[in-house]
Amino acid sequence: MKYIATRNSSNAISGTQAIVKGLSQEGGLFVPQTFPQVTKEEIIELCELSYNERASKIISKFLPELSGELGEYCQKAYSLFDGDPAPLVKTDENKYMLELWHGPTHAFKDIALTLLPHLMVGSKKDIGVDTKTLILVATSGDTGKAALEGFKNVDGTACLVLYPNDGVSNLQKLQMQTTTGDNVKVVAINGNFDDAQTAVKQIFQNDDVKKELSESGIELSSANSINWGRLVPQIVYYFSSYCDLLSSQEIDFGDKINFCVPTGNFGNILAGYYAYRMGLPVNKFICASNRNNVLTDFITNGTYTSSREFFKTSSPSMDILISSNLERLIFELSSRDDKLTAERMEQLKNSGTYSISEGELASLKELFYGGYVEEEKVSDTIDYEFEEYGYITDPHTSVALSVYDDYINETDDMTKTVIISTASPYKFVDDVLKSIGSEPQKTEHKSLLKLQEETALPVPSSLLELPKMEKLHTDVIEKTQAKEYILNYIKK
Ligand SMILES: *Cc1c(COP(=O)(O)O)cnc(C)c1O
């Protein structure tokens, strides 16, 4: 099993190398050279297994080098969850919520980031690297905390997180600022997520920085979904939800289903696409966006335009104009043309836009549907779902529910649909309270208890304790200072 890069497919490397490197030399992303297949018999076998066993089986196909350790890694990672890491809840005919937020930081990023530190340590061992790994993370809120929790106190690693100062929820910020551990650092940057992500990408490609790092015995890697090790654990829950639908006799074997995914950086939905390429029966991927609807436009007309107005919304983890993982899909659509992919990414960087061909657009549309929602409807949908089904969702998941509604109205598609539920409503407690006609309280603590009183969904104790914890990370920098800041951090 080898991996190639989207902007240069001539050098094949192992999956463990891809995880240690994070990003390829040319700035491209690593992708598997071929997609391992999952047969009908294997899917039936998966149905008999627990989530962590399913994970171990699927991930072994991509990382055979680690197949001896994966059972233990998955067991360790998923024991940090409160029960099943990916329970499926039926709320209506044809509609199922895949709740991926029962992990330590209460967002779906935990599915990958509880496992990534193990994959990183195992990968370094596999390729015989014993330098220190600095994990650089740009976050729109949830990745940061999940990465910090995953990597804190992991030997041979350090983790530095950059987040947009005004672009995350209060609880998300508190979660990051209060992180303990002697190998972690968090800094706010005056800018939006794309600024943070661009700063991180530039550091990866900066030869001076790399030289300075390697002189200090440090290698850079990433915990963003540009890292293969972040994506591969996310493929698992697409298979797992299909198994759960089979086991509960909601579908028959071979039935196609839809997935509706609240999307930002395109990592989650891309993992679903990879599951499809491995043989999972999928009818449509519904790509749900908020007002930052760059992906809706792309799926509609084949032109990606990141140079446009940026909106701050109630679903901050999707406030993204440069969806990094789309590069991996573009690579597939172009029949894996690395030169063309590199050209398009260069165009995007220089002029903020690129287009795909008519033929590519047609095959994109066969499998993907794109839609977006305005802010008011996000809040209305939270209220409606709560009134109608007694089911409370966070704003990101509400974006998906709302786009799914539009999809049904437009297509009358009766296919059973799994809605990916990406965060606990408590992470966005004030917006959720307002949506259901209640009121945010004077303190975060009181708001959390208020939402519990309104909904009877138990509030996670780790969130309740946050306001009492000491803020250890309060640095704020300009985006132009990112490189200097990172270099200073390394020297300490
Ligand atoms: C990260 C995130 C998303 C978007 O996922 P991508 O993989 O970036 O598309 C959606 N919802 C929540 C709560 C998130 O944290």
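Look up: the structure comes first, before these words.
Within every chain, residues take consecutive numbers counted from 1 along the sequence as written. At least 70 in pLDDT is required for a residue's local features to be given in this predicted model, at least 80 for side-chain atom pairs to be given and counted, and no such filter applies to totals for whole chains, interfaces and linings, which use all residues. With hydrogens and water set aside, each side-chain value is computed from the structure's full complement of heavy atoms.

**Here's the deal with the packing of aromatic side chains**
Then comes step 1: Stacked, tilted and edge-to-face pairs are distinguished by plane angle, under 30 degrees for stacked and over 60 for edge-to-face with tilted covering the rest, among Phe, Tyr and Trp rings (Trp via its six-membered ring) whose centres lie within 6.5 Å. Applying the stated rule across the entire model yields 22 aromatic pairs.
Then comes step 2: Measuring from centroid to centroid gives 6.5 Å for tyrosine 242 and phenylalanine 253, while their planes differ by 90 degrees, and the two rings are edge-to-face. Taken together, the residues span a long stretch of sequence, with tyrosine 242 in helix H11 (residues 228-247) and phenylalanine 253 in the loop between H11 and strand S10 (257-262) at a distance of eleven residues.
Then comes step 3: Only protein chains enter the accessibility calculation, which uses a 1.4 Å probe; a residue is then buried when its area is under 20% of its type maximum, exposed when over 50%, and partly exposed in between. For phenylalanine 253, a relative accessible area of 30% translates into the label partly exposed.
Then comes step 4: Geometrically, a charge over a ring is one whose NZ (Lys) or CZ (Arg) sits within 6 Å of the ring centre while staying within 35 degrees of the ring normal. When the ring centre of phenylalanine 311 is taken as reference, the NZ or CZ atom of arginine 291 above it lies at 3.6 Å. Strands here are runs of E lasting at least two residues and helices are runs of H or I lasting at least four, both read from the DSSP assignment and numbered beginning at the N terminus.

**Let's talk about the sheet that holds strand S5 (residues 95-99)**
Then comes step 1: Two strands qualify as a pair provided that DSSP identifies no fewer than 2 bridges between them. Strand order in the open sheet formed by six strands is S4-S5-S15-S10-S11-S14, and the pairing between neighbours is mixed. Only two strands of the sheet have a single partner each, and these edge strands are strand S4 (88-92) and strand S14 (368-372). The sheet shows a mean angle of 25 degrees between the axes of neighbouring strands, direction not considered.
Then comes step 2: Here three bridges tie S10 to strand S15 (residues 417-421), and the two strands are oriented parallel to one another. Looking at the pairing, cysteine 260 lines up with isoleucine 419 of S15.
Then comes step 3: The sheet contacts of helix H12 (residues 267-277) involve S10, strand S11 (282-289), S14 and S15, and relative to S11 the element is tilted by about 170 degrees.
Then comes step 4: Contacts from helix H16 (residues 358-367) reach S11 and S14 within the one sheet, and its direction differs from that of S11 by about 100 degrees. Inter-axis angles, ranging from 0 to 180 degrees, are taken between N-to-C directions of lines fitted to C-alpha atoms, where helices are fitted over the stretch in contact. In what follows, a contact means two residues having at least one pair of non-hydrogen atoms within 4.5 Å.

**Some details on helix H4 (residues 67-78)**
Then comes step 1: Multiplying 1.5 Å by the residue count of a helix minus one yields the expected span of that helix. Between its first and last C-alpha atoms H4 spans 17 Å; for twelve residues at 1.5 Å apiece the expected length is 16 Å, and the two agree.
Then comes step 2: For H4, the set of buried residues is Leu70, Tyr73, Cys74, Ala77 and Tyr78. The buried residues of H4 occupy an angular sector of 105 degrees when projected down its axis, which confines them to one face. The arc in question is the one spanned by the directions pointing from the helix axis to the C-beta atoms.

**With respect to the pattern of salt bridges**
Oppositely charged side chains may form a pair once their charged atoms are brought near each other.
Then comes step 1: When a carboxyl oxygen of Asp or Glu is within 4 Å of a side-chain nitrogen of Lys or Arg, the pair counts as a salt bridge. Within the structure shown, the criterion is met by 20 salt bridges.
Then comes step 2: We note a salt bridge from glutamate 385 to lysine 95, for which the minimum N-O separation is 3.2 Å. Of this pair, glutamate 385 sits in helix H17 (residues 375-389) while lysine 95 sits in strand S5, and the two are 290 residues apart along the sequence. Each member of the pair, glutamate 385 together with lysine 95, is buried.
Then comes step 3: Across the salt bridge formed by aspartate 142 and lysine 427, the nearest N and O atoms sit 2.7 Å from each other. Of this pair, aspartate 142 sits in helix H7 (residues 142-151) while lysine 427 sits in the loop between S15 and helix H19 (429-435), and the two are 285 residues apart along the sequence. Summarising the burial analysis for this pair, aspartate 142 and lysine 427 share the class buried.
Then comes step 4: Among the ionic contacts, a cluster of salt bridges with common partners joins Lys90, Glu93 and Glu250.

**Brief notes about the site of the ligand**
Then comes step 1: For this description, a residue counts as near a given molecule or strand if any of its non-hydrogen atoms is within 4 Å of it. In the region of the ligand, 15 residues are neighbours, and Lys109, Asp142, Gly264, Asn265 and Thr422 sit closest.
Then comes step 2: Two N or O atoms count as a polar contact when they lie within 3.5 Å, although within protein this holds only if one can serve as hydrogen donor and the other as acceptor, and sequence-adjacent residues are included solely when both atoms are side-chain atoms. Serine 317 places a polar side-chain atom, nitrogen or oxygen, 3.5 Å from an oxygen atom of the ligand.
Then comes step 3: For every accessible area listed, the method is Shrake-Rupley and the probe measures 1.4 Å; residues are considered covered only by the protein chains on display. Protein chains bury 98% of the 380 Å² of accessible surface belonging to the ligand in isolation.
Then comes step 4: Amino acid classes used here: Ala, Val, Leu, Ile, Met, Phe, Trp, Tyr, Cys and Pro are nonpolar; Asp, Glu, Lys and Arg are charged; the rest, including Gly, are polar. Split by residue class, the shell around the ligand holds five nonpolar, eight polar and two charged.

**Let's talk about the sheet that holds strand S3 (residues 30-32)**
Then comes step 1: Strand order in this open sheet of three strands is S2-S1-S3, and the pairing throughout is antiparallel. With partners counted over all chains shown, the strands left at the sheet margins are strand S2 (8-14) and S3, one partner each. The mean angle between the axes of side-by-side strands here comes to 40 degrees, regardless of whether they run parallel or antiparallel.
Then comes step 2: Bridge analysis of strand S1 (residues 2-5) against S2 gives three bridges, and the strand direction is antiparallel.

**Digging into unusual backbone geometry**
Then comes step 1: Positive phi values are uncommon outside glycine, yet serine 335 reaches one of about 55 degrees.
Then comes step 2: Looking at where serine 335 falls in the secondary structure, it is placed in the loop between helix H14 (326-333) and helix H15 (338-351).
Then comes step 3: The backbone phi angle of arginine 336 is positive, close to 60 degrees, even though this residue is not glycine.
Then comes step 4: Secondary-structure assignment places arginine 336 in the loop between H14 and H15.

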